[in-house]
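Listed here are the chains, written in short residue letters.
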Amino acid sequence: MTWEVRSRNGIWLPQIEWHLDAHHPARRSVISHAHFDHVAKHIEAICTPETAELLAARGAKTGNALRPLPFNEPFNITPAATLTLVPAGHVLGSAQALIEHPDYGRLLYTGDFKTRSSLTVEPCATPEADVLILETTFARPHYVFPSATETMAKSIAFCRDTLAADEIPVLLGYSLGRSQEILAHLANAELPIMLHPRVEAVTRVYQKLGCKFPAYTSLAPMMAAGHVIIAPQQSLKSELFTLIEPRRTAVLTGWAMDPSSRFRHATDAAFPLSDHADYPELLEFIERVNPSRIYTVHGFATEFAATLRSMGREAWALGRTNQLELGL
Ligand SMILES: [Zn+2]
């Protein structure tokens, strides 16, 4: 007997009647981290205390039944099955779900994850498991990310050049996770920093939970000259930014590995910085977890499952049509 895994309102484990990252309200679901595409108002939900704190600060509607479960503390989610949340390395508090059952074995769901080290996030764990549900957002061979130090050196040079030209540098990243990583990397750059309100709200939670950052002030458009601004990508179109001129913008994202990225994001520059695993990380992670079956989710799930099968692994893209190689 082994784990049954289905694609239904996120991921559904019928044998124990639990969801993993259900998108819509469910009876019982694990919430892997505080990005909104992984959150809904469930009757019963489990996440890390850090995720609970971030969800509250971001005004997420999660209901009252959020049960905080610290990392590495096994908890019985059914009489027979235990859930242990282990760090996923994606954003602060992000968890992988390790579920153990005496009849079905060990199942590991990565959620969004990365194994590269980070200044603001707990290091990713790699427990062994029989069944692995793997996030495959960047599962194509050309996604090999440079180190964050290298990317941030380029971003800092961009900021200095912009300031030298009497313009305002704006670094764009998700308000939860990427922005805090950018801010932490500016620690020794000695640049005056302003944070967009949504970035600042999350940063304050990170600080409360023990993260250290360089000094910053709240974004004041009339006072922005001479500062580096860190803001969410979507905020560029907001009223606030009509007052921040002249400016130069740079987006920090894994998609910057694609040559068209700067145009797709309509920014002056694009630098590769990601909270997700790149292609070599995915392959190495699989080696270490050493599962007998893999389900891929998100991004290039179908293509990557086929690649894994060609390497002799049993792998399926969850909820998609898997074109089988019949060797004809
Ligand atoms: Zn995420």
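Residues numbered from 1 in each chain as written. Predicted model: local features only at pLDDT ≥ 70, side-chain atom pairs only at ≥ 80, totals over all residues.

Notes on unusual backbone geometry
Okay, step 1: With an omega of -10 degrees, the peptide bond between glutamate 245 and proline 246 qualifies as cis.
Okay, step 2: Phi angles above zero are rare outside glycine, and aspartate 166 is one such case at about 60 degrees.
Okay, step 3: When the 9 C-beta atoms within 10 Å are taken as the criterion, aspartate 166 is described as exposed. (Buried ≥ 20, exposed ≤ 12 C-beta atoms within 10 Å, placed from the backbone.)

Description of the sheet that holds strand S17 (residues 269-271)
Okay, step 1: Spatial ordering of the open sheet is given by S14-S13-S15-S12-S16-S17, a layout of six strands whose pairing is parallel. The open sheet has two edge strands, strand S14 (217-218) and S17, and neither has a second partner.
Okay, step 2: Across the sheet, helix H2 (residues 148-164) lies against strand S12 (168-172), strand S15 (228-231), strand S16 (247-252) and S17, angled at about 155 degrees from S12, the strand it touches most.
Okay, step 3: With respect to the sheet, helix H3 (residues 178-185) is in contact with S12, strand S13 (193-195), S15 and S16, its orientation differing from that of S15 by roughly 155 degrees. (Pairing = 2+ DSSP bridges. Helix = DSSP H or I, 4+ residues; strand = E, 2+ residues; numbered from the N terminus. Contact = placed C-beta atoms within 7 Å. Axes fitted to C-alpha atoms, helices over the stretch in contact; angles between N-to-C directions.)

Some words on the domain arrangement of the protein chain
A common way to express how large an interface is: the accessible area buried when the components associate.
Okay, step 1: Partitioning the protein chain into domains gives domain 1 (6-142 + 276-317) and domain 2 (148-271).
Okay, step 2: Using C-alpha coordinates to define each centre, domain 1 is positioned 29 Å away from domain 2.
Okay, step 3: Domain 1 puts 16 residues into the contact, and the matching count from domain 2 is 14 residues.
Okay, step 4: For the side of domain 1 that touches domain 2, the class distribution of residues is seven nonpolar, six polar and three charged. (Domains from an automatic or database assignment. Nonpolar A, V, L, I, M, F, W, Y, C, P; charged D, E, K, R; others polar.)

Quick look at the sheet that holds strand S8 (residues 82-87)
Okay, step 1: With mixed pairing, the seven strands of this open sheet are ordered in space as S7-S8-S9-S10-S11-S18-S19. With one partner strand each, in any of the chains shown, strand S7 (75-76) and strand S19 (315-317) form the two edges of the open sheet.
Okay, step 2: Pairing between strand S9 (residues 95-101) and strand S10 (residues 105-109): five bridges, direction antiparallel. Bridge assignment links alanine 97 to a residue of S10, and that residue is tyrosine 109.
Okay, step 3: Sheet contacts for helix H7 (residues 301-310): strand S18 (293-297) and S19; angle to S19, the most-contacted strand, approximately 170 degrees.

Considering the packing of helix H1 (residues 49-57) against helix H4 (residues 197-208)
Okay, step 1: Close contact between H1 and H4 brings their axes to 10 Å; oriented N to C, the two are set at 150 degrees. Our classification of the angle between H1 and H4 gives roughly antiparallel. In this structure, the crossing between H1 and H4 has a hand that is right-handed. Contacts from Glu53, Leu54 and Ala57 of H1 reach H4 at Ala201, Val202 and Val205.
Okay, step 2: Grouping the constituent residues of the contact of H1 with H4 by class yields five nonpolar, no polar and one charged. (Parallel < 35°, antiparallel > 145°, perpendicular 65-115°, else oblique. Left-handed = near helix turned anticlockwise from the far one by under 90°.)

Observations regarding H4
Okay, step 1: With twelve residues, H4 ought to run about 16 Å at 1.5 Å a step, and its terminal C-alpha atoms sit 17 Å apart, in line with that.
Okay, step 2: All buried positions along H4 are accounted for by Val199, Val202, Thr203, Val205 and Tyr206. Around the axis of H4, the buried residues are gathered within 155 degrees of arc, so they sit on the same side. Away from its buried face, by an angle of more than 90 degrees, H4 presents the exposed residues Gln207 and Lys208.
Okay, step 3: Against H1, H3, S13 and S15 lie the buried residues of H4. (Expected span 1.5 Å × (residues − 1). Arc of directions from axis to C-beta.)

Thoughts on the nonpolar core
Generally speaking, nonpolar side chains in soluble globular proteins are found buried as a group.
Okay, step 1: By size, the foremost hydrophobic cluster in this structure holds 96 residues, and its most contacted members are Ala97, Ile229 and Ile230.
Okay, step 2: For this core, the two domains that each supply at least three residues are domain 1 (6-142 + 276-317) and domain 2 (148-271).
Okay, step 3: Sequence-distant contacts of alanine 97, defined by excluding residues within four places in its chain, comprise Leu20, Val30, Ser32, Leu83, Leu85 and Tyr109. (Core = buried A, V, L, I, M, F, W, Y, C linked by C-beta atoms within 7 Å.)

Side note on H7
Each full turn of the α-helix corresponds to 3.6 residues, which orients residues three or four apart in the same direction.
Okay, step 1: Turning to H7, its buried residues are Ala301, Phe304, Ala305, Thr307 and Leu308. Down the axis, H7 shows its buried residues gathered within 155 degrees of arc, on one side only.
Okay, step 2: On its buried face, H7 is in contact with S18 and S19.
Okay, step 3: Of the residues one or two after H7, glycine 312 is the one with positive phi, at around 90 degrees.

As for the pairing of S10
Okay, step 1: Here S9 folds back onto S10 in antiparallel fashion, the turn holding three residues.
Okay, step 2: As paired elements, S10 and strand S11 (residues 131-135) share three bridges and run parallel to each other. The residue bridging leucine 108 from the neighbouring strand is leucine 132, located in S11.

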